[in-house]
2 protein chains.
Amino acid sequence: MKYSKQRSLILEVLQNNPCHPTAEQVFALVKELLPDISLATIYRNLNQLTENGIIKKLDYIDNVSHFDYCTEKHYHFVCSKCSKIFDIKANIIPEIKQSILKQQGLTVEDMEISFSGLCPDCLKNSNN
Amino acid sequence: MKYSKQRSLILEVLQNNPCHPTAEQVFALVKELLPDISLATIYRNLNQLTENGIIKKLDYIDNVSHFDYCTEKHYHFVCSKCSKIFDIKANIIPEIKQSILKQQGLTVEDMEISFSGLCPDCLKNSNN
DNA sequence: CATAAAAATGATAATGATTATTAGTTCTAA
DNA sequence: TTAGAACTAATAATCATTATCATTTTTATG
């Protein structure tokens, strides 16, 4: 996979901003470095990077796609107040995957977990 | 909460079709019973029923909202081929919720798990 | 080099899901 | 019975995403 200037910047921005940004957010960030970039280029490259397994597209957070420059397997925690997304690195449920569901004839290939609740900042401010 | 003819039919259709339909799918089903109903009425009532806790809006399946007439807590399995959604009734992870995440200062209010893989039908046909 | 084919880009139109608006209709309570 | 509230159908508006297309950049090859 070849890297154009645009694609490189998009990937770089994802690496430097591990906040699981949406396409629009990536657009805003890359625009600071390359003001003439088009939103279509953002979407096109995010999809290509996803297809090549370089980044991951998260479709289970809300109804907007978020993008993640991921290396290791992890889960996500979404703050129910500010919607910030936190990485959860934990060895959850390696065995649940196969055992529980076989009984229903379903073959589990993947499992996504999203936690929600209050993040530390919002917990602090929730007493106002 | 009062039930208009439209709202009653929407809820009834959800009860009789536990396939986690989208708003458009609910629209199509209700239209058979009440051809003049408007799509806006579907959305309005689905949102109101959700706000009143009568039904549940699933935003973590894909990037379209699905609606569920739910009683007990359950998880979902999404077939990676046909995208059909299956209910997973299992006593998973009551303790993971609080234990694992406290260390990171996150207060878990809810947790959603979506499994994906092949459903029995698609597994059967995957050898073609 | 020269240059033709392939790939990528920017601009923008088109689409699909959802929300907002609005004028008219139905329900409800005094 | 009737004014006000709630609800509706139709449709415009919005937001996220994809498709299109003319132009530019890159790449491979003679």
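See the structure shown above.
In this report, the structure presented in the accompanying data block is examined. (Residues numbered from 1 in each chain as written. Chains lettered and ligands numbered in written order. Predicted model: local features only at pLDDT ≥ 70, side-chain atom pairs only at ≥ 80, totals over all residues. Heavy atoms only, no water.)

## So, the overall build of chain A
No. 1: Broken down by element type, chain A carries 5 helices and 5 strands.
No. 2: Counting helices and strands in the order they occur from the N terminus, chain A gives α-α-α-β-β-β-β-α-β-α.
No. 3: Taken across its 128 residues, chain A has 40% of its residues classed as buried.
No. 4: Across chain A, contacts joining residues at least 24 apart in sequence account for 50% of those joining residues at least 6 apart.
No. 5: When the accessible surface of chain A is totalled, it reaches about 6900 Å², and 50% of it is carbon and sulfur. (Helix = DSSP H or I, 4+ residues; strand = E, 2+ residues; numbered from the N terminus. Buried < 20%, exposed > 50% of the residue type's maximum accessible area, 1.4 Å probe, protein only. Contact = heavy atoms within 4.5 Å. Areas by Shrake-Rupley, 256 points an atom, 1.4 Å probe, with all protein chains shown as cover.)

## A short note on unusual backbone geometry
No. 1: Positive phi, normally seen in glycine, also occurs at His20(A), with a value near 55 degrees.
No. 2: With respect to the element layout, His20(A) can be found in the loop between helix 1 (5-16) and helix 2 (23-33).

## Details of the protein's contact with DNA strand C
No. 1: Taken together, 18 residues lie around DNA strand C, and Ser4(A), Thr41(A), Tyr43(B), Asn47(B) and Ser65(B) are the ones closest in.
No. 2: Of all DNA strand C atoms lying within 4 Å of any protein atom, the proportion belonging to sugar or phosphate reaches 67%.
No. 3: The contact in question runs from a sugar or linking oxygen of DNA strand C to an N or O atom on the side chain of Gln6(A), over 3.1 Å.
No. 4: Residue Asn47(B) places a side-chain N or O atom 3.1 Å away from a phosphate oxygen belonging to DNA strand C. (Near = heavy atom within 4 Å. Polar contact = N/O pair within 3.5 Å; in protein donor to acceptor, adjacent residues only side chain to side chain.)

## Focus on the side chain of His76(B)
Residue and element names in this part refer to chain B.
No. 1: With respect to the helices and strands, the residue histidine 76 is situated in strand 3 (residues 75-79).
No. 2: Side-chain polar atoms of histidine 76 contact the side chain of tyrosine 60, separated by 3.1 Å.
No. 3: Reaching out from histidine 76, the side chain makes a polar contact with the side chain of aspartate 68 at a distance of 3.3 Å.

## Observations regarding the pairing of strand 4 (residues 85-88) of chain A
Residue and element names in this part refer to chain A.
No. 1: Inspection of the sheet shows strand 3 (residues 75-79) paired to strand 4 by 4 bridges, in the antiparallel sense. Paired with phenylalanine 77 across the bridge in strand 4 is phenylalanine 86.
No. 2: Linking strand 3 to strand 4, which pair antiparallel, is a turn of 5 residues; within it serine 83 sits at a positive phi near 65 degrees. (Pairing = 2+ DSSP bridges.)

## Details of the packing of helix 1 (residues 5-16) of chain B against helix 3 (residues 39-51) of chain B
Residues and elements named next belong to chain B.
No. 1: Running from N to C, helix 1 and helix 3 point in directions that differ by 70 degrees, and their axes come no closer than 10 Å. Taken together, helix 1 and helix 3 sit at an angle that is classed as roughly perpendicular. Residues Gln6, Arg7, Ile10, Leu11 and Leu14 of helix 1 form the contact with helix 3, whose participating residues are Thr41, Ile42, Asn45, Leu46, Gln48 and Leu49.
No. 2: Of the residues that constitute the contact of helix 1 with helix 3, the class distribution is 6 nonpolar, 4 polar and 1 charged. (Axes fitted to C-alpha atoms, helices over the stretch in contact; angles between N-to-C directions. Parallel < 35°, antiparallel > 145°, perpendicular 65-115°, else oblique. Nonpolar A, V, L, I, M, F, W, Y, C, P; charged D, E, K, R; others polar.)

## Focus: helix 1 of chain A
Residues and elements named next belong to chain A.
No. 1: With 12 residues, helix 1 ought to run about 16 Å at 1.5 Å a step, and its terminal C-alpha atoms sit 16 Å apart, in line with that.
No. 2: Within the sequence span of helix 1, burial applies to Arg7, Leu9, Ile10, Leu11, Val13 and Leu14.
No. 3: On its buried face, helix 1 sits against helix 2, helix 3 (39-51) and strand 2 (66-68). (Expected span 1.5 Å × (residues − 1).)

## With respect to the environment of Asn47(A)
No. 1: Here Asn47(A) lies in helix 3.
No. 2: The sequence separation of Asn47(A) and Leu9(A) amounts to 38 residues, and the corresponding C-alpha distance is 15 Å.

That's the geometry; what it means functionally is another story.
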